[in-house]
Amino acid sequence: MSVAALRLIRCRRLSTAGPPGVKKVLQWRDLRKVAKVTSAVVLGGCLFITYEVVALDKAVTIDTSAILQEKYKSYIYLRATPSDEKENLAAGLTNKARRELHNAARRFLEISSRLFLQTLDEHFSHVDADPHEVALWVLLKRTQSVTKAIRLQAVQELANNHHWHDYQYQTAAQVIDQRTAVGLARMPQVDLRFFLPPPALPGLEDGLSAEDGLRELLASLPQSEVDKCVQYFTSLALRESTQSLAAQRGGLWCFGGNGLPYAQSLTSVPSEKVESFCLQALVQHSKVQSHCDHIVASGGLQLLQKVYQLRSDSLKIQRNIVRIIGNLAVNESVHQAIVQSGWVSVLAEMMQSPYVMQASHAARALANLDRETVKEKYQDGVYILHPQTRDNQPINADVLFIHGILGAAFKTWRQKDRNISEEEKDKESRDEYTECWPKSWLAADCPNLRVLSVEYDSHLSDWMAKCPVENQRKSLAYRSRELLKKLKMAGVGERPVVWVAHSMGGLLVKKMLLDASEDPDMHGLLKNTKGIMFYSVPHHGTFMAEYSVNVRYLLFPSVEVRELCKDSPALRNLNENFLNMAKEKEFKVLSFAETLPTNIGPMIKILVVPAQSANLGIGDLIEVDVDHLNICKPEKKDSFLYKRSLQFIQESLQSYINH
């Protein structure tokens, strides 16, 4: 433009010196030249500027995308995988460039950390990245959504996608929070790489064994708010040395269902048995809320983790430890401590155990930790058989299994035992054998049922007369009150219910329903009871009470013997009151009766509950050619005993479940 201006000025000067005609000609020629030059300069400048802008924009876009992509990968520290640069030079250079970009992205993160305050999907829609990479971060972000449905869906998609790379599992393990970790642990067959391993545990002090650590923990716990039997045996365990425990002869030491006999002629008690004894005492302490806080504050979670790892070959010890964790998890105040101690990964692994008891203990602990989808709390002795994992299947009704004296929540409901010759003849059936038919068979046939199994303290009778106030805890009245409190916390009574009981468990069910009728807070349980199934329940007493003391004590401890005498006043009142209520409420009732005697010792066979005693007086009575122990153990899934039991449950809940 400056050159054109100079030419124009020069033309004006020349025009003043020449004749008028010449001036006019020179003016038009110069104007045409100025226009040509000016147009060329403007057009060229525009093209140059446009080119530079496009080139610069392209360069900036590529650089930003690369850094942005690396940014999301640099959110955690990944374990580097060594590569052989001699064999693959290009791969080596790529790794080196990625490390440089990694450092740059970390610096970039410090400035742009506010990015995650916005919706993640909006940012990823403009990023040129691998969709598989983007999907992980989108799901992780959604697990933090304020909308519960979005969080649950994200956890489900994380668990169901089994094509994540190893480093992506490591990424998720370090990013997910407590709520997401518990949710993943409760997903069916979740990949265990989602969970960080338990943290490194501090070593025990010099000369201090795990057994000594457990004893120190027991010694630090208060002796208040626990049963006097627990106080008695806890103090005795702390007072006696390992050698003197072995010298104790003539008594049974037990806190658990199967008992811990220390009346053996041993020169010393193995450390494993002493640990098991201490753990079962801790089970009782963990039922008290104030003791739970004390156990956590005293480093009990880390100590239990240590014992769990040391006793990896002992299913019983591991089961008792997880039982303690499940009791602790009833208290939400210790949830964070449980997760930080690395128990989520342990429970997730135990959930996938082929052993029903192991998986069920882990399922109870995780359900108590999962406040996202579980509102109920499962106290000690209440076990979830189905559903043990998060499931989209709606739960419309409950089925409760109550065992009898000396029974248990799992072993009572196993499939009928088979002898070796039968197993050899039918190997296919042996492979399909189930340790708990309500969990394996009933859950498959009725998936929208919640199946619970209850275990009460029938084992307390093993303490015999050495335990103070032991007799008071054996009565039906005491057990009824104790179980009703637990069932209420588990939400039993909020849905339609069918009860399934064996032997004295049936008497306990009748007592609980009568007590519920007198408690305004438990009227829902009574209203929602739709059916009761009795397996050889001695409604009118048993002839066992007429046998010798040794024989009758084998099946029914002292208090129960007095309550179970044939035609005893207590049983008569219980049965009459229940019959009146059952007729008024129109309960559906089905009773099974044994016809074969039960072998209870050498040369002793007894028909424990005759058909006339198993007959409640209402509902159907079906006699089955089995003994007292096997009346609740179907031989096969297609056996009459199971098929008739299933039919009764479905008929009682026909308007609530889908067949």
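The paragraphs below set out a description of the structure included in this document. Small disclaimer: the values here were computed from a predicted structure and weren't measured. (Residues numbered from 1 in each chain as written. Predicted model: local features only at pLDDT ≥ 70, side-chain atom pairs only at ≥ 80, totals over all residues. Heavy atoms only, no water.)

1. As for the overall build of the chain
Put simply, the rule reads: In DSSP terms, a helix is any run of H or I states spanning at least four residues, a strand is any run of E spanning at least two, and both are numbered starting from the N terminus. Working definition: with a 1.4 Å probe on protein chains only, accessible area under 20% of the residue-type maximum means buried, over 50% means exposed, and in between means partly exposed. Per-residue and other accessible areas follow the Shrake-Rupley method at a 1.4 Å probe size, with only the shown protein chains counted as cover for residues.
Helices and strands together make up the secondary structure of the chain, namely 29 helices and nine strands. Classification of the 659 residues of the chain by burial places 49% in the buried group. Of the roughly 32800 Å² of accessible surface on the chain, a fraction of 53% belongs to carbon and sulfur atoms.

2. Quick notes on the pairing of strand 2 (residues 397-402)
Going by this rule: DSSP calls a pair of strands paired once it identifies at least 2 bridges connecting them.
Counting buried residues along strand 2, six of its six residues qualify, which places the element largely inside the surrounding structure. Residues of strand 2 alternate between two faces, with A397, V399 and F401 on one and D398, L400 and I402 on the opposite face, all of them buried. Sheet topology places strand 2 next to strand 3 (residues 449-454); six bridges connect them, and they run parallel. Note that in strand 3 the partner of F401 across the bridge is S453. Strand direction decides the pairing type here: strand 2 and strand 4 (residues 497-502), joined by five bridges, are parallel.

3. Structural notes on the environment of T412
As a reminder of what qualifies: Contact between two residues is taken to exist if any of their heavy atoms lie within 4.5 Å; hydrogens are not considered.
Mapped onto the elements, T412 comes out in the loop between strand 2 and helix 19 (420-425). On the basis of relative accessibility, which here comes to 6%, the residue T412 falls in the buried class. Along the sequence, T412 and K633 sit 221 residues apart, while their C-alpha atoms lie 7.5 Å from each other. The residues touching T412, leaving out its near neighbours within four places in the chain, are H403, G407, H502, C632 and K633.

4. Concerning the packing of helix 15 (residues 315-328) against helix 18 (residues 356-369)
Working note: a packed helix pair is described by the angle between its axes plus the distance between those axes. Selection rule: The convention used is that axes are lines fitted to C-alpha atoms, helices contributing only their stretch in contact, and that angles between N-to-C directions extend from 0 to 180 degrees. By definition in this entry, angles of less than 35 degrees are roughly parallel, angles greater than 145 are roughly antiparallel, angles of 65 to 115 are roughly perpendicular, and the rest are oblique. By the definition used in this description, the sense in which the near helix is turned from the far one sets the handedness, with an anticlockwise turn below a right angle giving left-handed and a clockwise turn giving right-handed.
Their axes nearest at 8 Å, the elements helix 15 and helix 18 cross at an angle of 15°. Regarding the angle of helix 15 to helix 18, the classification is roughly parallel. Considering the relative orientation of helix 15 and helix 18, their crossing is left-handed. When helix 15 is examined against helix 18, the residues L315, Q318, R319, V322, R323, G326 and N327 are found in contact with a partner set consisting of M357, Q358, H361, A362, R364, A365 and N368.

5. Re the packing of helix 12 (residues 271-285) against helix 15
Note the threshold: Any residue outside Ala, Val, Leu, Ile, Met, Phe, Trp, Tyr, Cys, Pro, Asp, Glu, Lys and Arg is labelled polar, Gly included; the first ten of those are nonpolar and the last four are charged.
Close contact between helix 12 and helix 15 brings their axes to 9 Å; oriented N to C, the two are set at 20°. As the angle between them shows, helix 12 and helix 15 are arranged roughly parallel. Crossing hand, helix 12 versus helix 15: left-handed. On helix 15, the residues touching E272, E275, S276, L279, Q280, L282 and V283 of helix 12 are K316, I317, N320, I321, R323, I324 and N327. Here the residues of the contact of helix 12 with helix 15 are counted per class, giving six nonpolar, four polar and four charged.

6. Let's talk about the sheet that holds strand 3
Strand order in the open sheet made by the seven strands is 1-3-2-4-5-6-9, with mixed pairing throughout. Only two strands of the sheet have a single neighbouring strand rather than two, namely strand 1 (382-386) and strand 9 (620-624). Along the sheet, successive strands turn relative to each other by an average axial angle of 20°, direction set aside. With respect to the sheet, helix 23 (residues 504-517) is in contact with strand 2, strand 4 and strand 5 (529-535), its orientation differing from that of strand 4 by roughly 140°.

7. Some details on the nonpolar core
Nonpolar side chains in soluble globular proteins tend to be buried together. Here is the rule we go by: What we call a nonpolar core is a set of buried Ala, Val, Leu, Ile, Met, Phe, Trp, Tyr and Cys residues that are connected through their side-chain atoms within 4.5 Å.
By size, the foremost hydrophobic cluster in this structure holds 60 residues, and its most contacted members are L184, F194, L282, L304, L328, I338 and W343. Among the elements that line this core, the one with the most residues is helix 17 (residues 343-351), at seven residues. Discounting residues that sit within four places of it in the chain, L304 has contacts with L214, L279, L282, I321, I324, I325 and W343. Counting residues in each nonpolar core, the second largest holds 44 residues, with I384, L452, A501 and L508 among its members.

8. Regarding unusual backbone geometry
Residue P387 is reached from H386 by a cis peptide bond, and omega for that bond is -10°. Backbone geometry places S503, a non-glycine residue, at a positive phi of 55°. One can find S503 in the loop between strand 4 and helix 23. Positive phi, normally seen in glycine, also occurs at E586, with a value near 60°. Mapped onto the elements, E586 comes out in the loop between helix 27 (569-585) and strand 6 (588-594). The class of E586 is exposed, set by a relative accessible area of 67%.

9. Quick look at the environment of L525
Following the sequence through the fold, L525 ends up in helix 24 (residues 523-528). Owing to a relative accessible area of 3%, L525 belongs among the buried residues under this scheme. Sequence spacing of L525 and L513 is 12 residues, and the spatial spacing of their C-alpha atoms is 7.8 Å. Setting aside residues up to four positions removed in sequence, L525 forms contacts with L484, V492, G493, V497, W499 and A516.

10. Side note on the environment of L369
Following the sequence through the fold, L369 ends up in helix 18. For L369, a relative accessible area of 7% corresponds to the buried category. Measuring from C-alpha to C-alpha, the distance between L369 and N331 comes to 8.9 Å, with 38 residues separating the pair along the chain.

11. Here we look at the pattern of salt bridges
Counted only if it meets this: Counted as salt bridges are all cases of a side-chain nitrogen of Lys or Arg within 4 Å of a carboxyl oxygen of Asp or Glu.
With the rule as written, the count across this model stands at 20 salt bridges. Residue R495 is joined to D398 by a salt bridge in which the shortest nitrogen-to-oxygen separation is 3.2 Å. You can see R495 sitting in the loop between helix 22 (476-489) and strand 4 and its partner D398 sitting in strand 2, a full 97 residues away along the chain. Judged by relative accessible area, D398 falls into the buried class, the value being 0%. Among the charged side chains, a salt-bridge network with shared partners connects K287, R323, R364 and D380.

12. Comments concerning the packing of aromatic side chains
Under the convention used in this document: The rule is short: rings of Phe, Tyr and Trp, with Trp giving its six-membered ring, pair when the centres are within 6.5 Å, and they are stacked under 30 degrees, edge-to-face over 60, tilted in between.
A full pass over the atoms with the stated rule returns 11 aromatic pairs. An angle of 80° between the planes, with centres 5.7 Å apart, marks the rings of W437 and Y642 as edge-to-face. Of this pair, W437 sits in helix 21 (residues 437-445) while Y642 sits in helix 29 (residues 640-652), and the two are 205 residues apart along the sequence. Each member of the pair, W437 together with Y642, is buried. Taking 5.2 Å as the distance between ring centres and 70° as the angle between the ring planes, the aromatic pair formed by W441 and Y642 counts as edge-to-face. Of this pair, W441 sits in helix 21 while Y642 sits in helix 29, and the two are 201 residues apart along the sequence.

13. A closer look at the pairing of strand 5
Here strand 5 lies mainly inside the structure; six of its seven residues are buried. The pairing of strand 4 with strand 5 spans six bridges and is parallel. Opposite V500, over in strand 5, you have M533 as the bridge partner. Both strand 5 and strand 6 contribute to a ladder of five bridges, which runs parallel. Following the sheet pairing, Y535 is matched in strand 6 by F592.

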